[in-house]
Amino acid sequence: MEENKNNTQKQPEQKKKKKSDVLLTIALIAAIVVFCYAAFNLYHIYTEYKKGTDEYNQIEEMAVTERDADSAEVAGPNAQLKPPIEVDFDKLKSVNEDVVGWIYIEDTVVNYPVVQGTDNDFYINHDWEGNSSHSGCIYEDFRGKIDTSQNTLFYGHNMANGSMFSAIKGYTDPEWGKAHRYFEVASLDKRYLYEIVSVNIVNGEAGADFEYWNYLDMDRRAYLTFLQKIKETSTVWYLDGTDMPEYGKNRMIALQTCNSGADDGIRCVLFARCLGEY
């Protein structure tokens, strides 16, 4: 009788234990599924980054020749600068007819071809060859022209691995920015030297107080308004004293990337003036 009583008492305990074991097993399986899913996503991101890095390394091997400065270029203020790289645009155009130029910023990873689509959406998630890509590529605003627009815009992602236009955020550090005041933009036919004017952390969505992306082909009045708004919203202003870009002399360019990984509409924009061909 006592034994039956003990067995009766154990049965609810055994049921509770079995129920607890089932719950633990379910929780363990769920944790494994979440872990595998996260690991798959991380692997996918890694392979996308690696694919992009390998792809641009191949471009440099295929179409870019780097050169060191010769003695005449480092002799003083009268030195005649030459482009640090030579780009074979015929090879690039044979891969994608949308190639319109190249951008190079010394001491950064920014050494990329520039493409231009029929809108500003396609190349957000396609590489320079037109293939689907998480990293996208560097592309010019479909309304702009490197050689002729009073202002044009280049867009690029702020990638977590430091690729694309992530380096632009470095200009929020004045010390680093002053040491990297110049960069090169090449069109299919010409090479241009640009000087940094300002870096701005601003709202890059429609309805913003300063819609810098809509200042492209400007008359003198619009150009001066554009410059005033750049200075008013600047995070770091790089020009000295009363020095300002001049209408008819200095065409402008804006390099835009996201300020953070969040889709909050805030952009980091680097404004620069063209000093001319070289």
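You'll find the structure just up there.
To keep things clear, this report deals only with the structure shown in the data block. Computed from a predicted model, the values in this text were never measured in an experiment. (Residues numbered from 1 in each chain as written. Predicted model: local features only at pLDDT ≥ 70, side-chain atom pairs only at ≥ 80, totals over all residues. Heavy atoms only, no water.)

**Observations regarding the overall build of the protein chain**
Convention followed: Helix and strand assignments follow DSSP, with helices taken as H or I runs no shorter than four residues and strands as E runs no shorter than two, numbered in order from the N terminus. When a residue's accessible area, from a 1.4 Å probe over protein chains only, is under 20% of the maximum for its type it is buried; when over 50% it is exposed; and in between it is partly exposed. Contact definition: two residues touch when any of their heavy atoms are within 4.5 Å. To be clear on the numbers: accessible area is Shrake-Rupley with a 1.4 Å probe, and residue cover counts the displayed protein chains and nothing else.
Scanning the protein chain from N- to C-terminus turns up 4 helices and 11 strands. The buried share of the protein chain, taken over its 278 residues, is 41%. The contacts in the protein chain between residues at least 6 apart in sequence include a share of 62% that link residues at least 24 apart. Working note: accessible area of the protein chain is about 15700 Å², and carbon and sulfur atoms make up 52% of it.

**Things to note about helix α4 (residues 220-232)**
Condition: Multiplying 1.5 Å by the helix residue count minus one yields the expected span of that helix. Comment: arc refers to directions from the helix axis out to C-beta atoms.
If you check α4, its first and last C-alpha atoms are 18 Å apart, about what 13 residues at 1.5 Å a residue would give, namely 18 Å. Those residues of α4 that fall on the buried side of the exposure criterion are Y223, F226, L227 and I230. For α4, the angular spread of the buried residues around the axis is 95°, confining them to a single face. Exposed side chains of α4 directed beyond 90 degrees from the buried face belong to R221 and E232. Looking at the packing, one finds that the buried side of α4 touches β6 (151-155), β8 (191-203), β9 (236-237), β10 (252-258) and β11 (266-277).

**Observations concerning the side chain of R181**
The condition is simple: Polar contact is the term for a pair of N or O atoms within 3.5 Å; when the atoms are in protein, one must be able to donate a hydrogen and the other to accept it, and sequence-neighboring residues count only if both atoms are side-chain atoms.
Summarising the element assignment, R181 is placed in the loop between α3 (174-178) and β7 (182-187). Here the side chain of R181 touches E195 through a polar contact of 2.8 Å, side chain to side chain. When neighbours within four sequence positions are excluded, R181 is seen to be in contact with Y194, E195, I196, Y238 and L239.

**With respect to a nonpolar patch on the surface**
Condition: A patch consists of residues whose relative accessible area exceeds 30% and which take part in no salt bridge; residues with like charges are grouped when within 9 Å of each other, and nonpolar side chains (Val, Leu, Ile, Met, Phe, Trp, Tyr) when within 5 Å. Within this document, salt bridges are pairs made up of a side-chain nitrogen of Lys or Arg and a carboxyl oxygen of Asp or Glu, the two lying within 4 Å of each other.
A surface patch of nonpolar side chains, about 290 Å² in accessible area, is lined by V22, L23 and I26. Note on placement: V22 falls in helix α1 (residues 2-63).

**Regarding the packing of aromatic side chains**
The criterion, for reference: Pairing of aromatic rings covers Phe, Tyr and the six-membered ring of Trp, with a centre-to-centre limit of 6.5 Å; geometry is then stacked below 30 degrees between planes, edge-to-face above 60, and tilted otherwise. Here, over-ring charges are defined by two tests on the NZ atom of lysine or the CZ atom of arginine: distance to the ring centre within 6 Å, and angle to the ring normal within 35 degrees.
The tally for this structure, following the rule as stated, stands at 14 aromatic pairs. Ring geometry for F210 against F271: centres 6.3 Å apart, planes inclined by 25°, an arrangement best described as stacked. You can see F210 sitting in the loop between β8 and α4 and its partner F271 sitting in strand β11, a full 61 residues away along the chain. This pair shows no difference in class: F210 is buried, exactly as F271 is. We note R251 situated over the ring of Y192; from NZ or CZ to the ring centre the distance is 4.8 Å.

These values are about where atoms sit, not about what they do.
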